[in-house]
Amino acid sequence: TISARFPKVNAAFKAAFMAKLEQIKTLESGITLTEEQKNATKELYAEVAGLNKELNFLSSYCKDANLPVNAVSALKKDLSSGNVEGAVLKIETVKQFIVANETVLIEEGMAPDFAMVLETHKTSLAAKNTLQNSSLNARKILTSANKTLYNELYADISKIMRYGKLVFADSIVKDEYTTVK
């Protein structure tokens, strides 16, 4: 047996190993946090895509009214590149531009409440982005907190495998102590 050749692999070692194994089984799972993050990201990018489509219309209305499209283009660029924080800031600029040119833009086809629609998107995008970031950060914290225990268990498993390969070198049991053949 392994304990005959390596006396430190005794009942106390086995009990400590099993305790670590049980503790890992009960650790809070990152799967839930991963799903929360995926859902938050999915909702965020769905809203980004919808807003981007609306901005295509706004850009067209601006062109038809001979108004500059720089602010709208800058916002669309941030949305397309996933820079939600930048987009949230630029929404205010576009909103102010709309309010200043509301009459002519409405004549071209813009909805009269589009400035309020943008405000709603601004609030919603900021909230969804915060949720996504908090899910990501929570997952990082969980992984960091659990890392020490996983590393301890890995060290124990590595030691058992190393010892087992030596003790059972001339036996078919050796395969049970090998991770890669």
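Below is a summary of the structure that appears in this document. Only a predicted model underlies this, so the values are computations on that prediction, with no experimental measurement involved. (Residues numbered from 1 in each chain as written. Predicted model: local features only at pLDDT ≥ 70, side-chain atom pairs only at ≥ 80, totals over all residues. Heavy atoms only, no water.)

Digging into the overall build of the chain
Operational definition: For helices the rule is a DSSP run of H or I covering at least 4 residues; for strands it is a run of E covering at least 2, with both sets numbered from the N terminus onward. Values of the radius of gyration come from C-alpha atoms, whereas the globule rule sets the reference at 2.2 Å times the count of residues to the power 0.38. Categorising residues by exposure relies on relative accessible area from a 1.4 Å probe, with only protein chains included: less than 20% of the type maximum marks a residue as buried, more than 50% marks it as exposed, and the intermediate range marks it as partly exposed. Any two residues whose heavy atoms approach within 4.5 Å are treated as being in contact. The Shrake-Rupley method, run with a 1.4 Å probe, gives the accessible areas here. Residue values count only the displayed protein chains as cover. Only four residue types enter the tally: Lys and Arg on the positive side, Asp and Glu on the negative side; His and the chain ends are excluded. By convention, the point assigned to a charge is CZ for Arg, NZ for Lys, CD for Glu and CG for Asp.
Helix and strand content of the chain: seven helices and zero strands. Mapped from its N terminus to its C terminus, the chain presents α and β elements in the order α-α-α-α-α-α-α. At 29 Å, the chain has a C-alpha radius of gyration far larger than the 16 Å of a compact globule built from 181 residues. Projected onto its principal axes, the C-alpha positions of the chain cover 90 × 30 × 20 Å. By residue count, 31% of the 181 residues in the chain fall in the buried class. Sequence separation of 24 or more characterises 70% of the internal contacts of the chain that already satisfy a separation of 6 or more. Taken as a whole, the chain presents about 11400 Å² of accessible surface, with 57% of it coming from carbon and sulfur. Here the chain carries 23 positive and 21 negative side-chain charges, and the mean point of each set is 15 Å from the other.

With respect to unusual backbone geometry
Of note in this structure, N66 is not a glycine but carries a positive phi near 55°. Of note, N66 is situated in the loop between helix 3 (30–64) and helix 4 (70–80). The exposed category is assigned to N66, whose relative accessible area is 72%.

Section: helix 7 (residues 114–167)
How we decide: In this scheme, a helix's expected span is set at 1.5 Å multiplied by one less than its residue total. At any given residue, the bend is defined as the angle formed between two axes, one fitted to the seven residues that end at that position and one fitted to the seven that begin there.
When the terminal C-alpha atoms of helix 7 are compared, their 75 Å separation across 54 residues agrees well with the 80 Å that a helix rising 1.5 Å per residue should span. K147 marks the point of greatest bend in helix 7, at about 40°.

Structural notes on the packing of aromatic side chains
The relation between two aromatic rings is expressed through the spacing of the ring centres and the mutual angle of the planes. Our working rule: What counts as a ring pair is set by centres within 6.5 Å for rings of Phe, Tyr and Trp (its six-membered ring), and what kind of pair is set by the plane angle: stacked under 30 degrees, edge-to-face over 60, tilted for all other angles.
Scanning the entire structure with this criterion turns up two aromatic pairs. Summarising the aromatic geometry, the rings of F6 and Y163 are spaced 3.7 Å apart at their centres and angled 5° between planes, so their arrangement reads as stacked. Residue F6 is located in the loop between helix 1 (2–5) and helix 2 (11–25), and its partner Y163 is located in helix 7; the two are separated by 157 residues in the primary sequence. When the centroid spacing of 5.4 Å and the interplanar angle of 15° are considered together, the rings of F168 and Y177 count as stacked.

Brief notes about the packing of helix 2 against helix 7
Operational definition: Think of each axis as a best-fit line through the C-alpha atoms, taken over the contacting stretch in the case of a helix, with angles from 0 to 180 degrees between the N-to-C directions. When an angle is under 35 degrees it counts as roughly parallel; over 145 it counts as roughly antiparallel; between 65 and 115 it counts as roughly perpendicular; any other value is oblique. Take the far helix as your reference; a near helix turned counterclockwise from it by less than a right angle gives a left-handed crossing, and one turned clockwise gives a right-handed crossing.
Contact pair helix 2 / helix 7: the axes reach a minimum separation of 10 Å and the direction vectors enclose 135°. In this view, helix 2 runs oblique relative to helix 7, as classed from their interaxial angle. Both helix 2 and helix 7 take part in a crossing whose hand is left-handed. Listed contacts from helix 7 to F13, F17, K20, L21, Q23 and I24 of helix 2 are L149, Y150, E152, L153, D156, I157, K159 and I160.

Observations concerning helix 5 (residues 84–100)
In an α-helix, one turn spans 3.6 residues, which is why side chains three or four residues apart end up on the same side. In a regular helix each residue adds 1.5 Å, so 17 residues correspond to 24 Å; helix 5 covers 24 Å between its end C-alpha atoms and thus fits that length. Three or more residues of helix 5 are buried, namely V84, G86, A87, V88, I91, V94, K95, F97 and I98.

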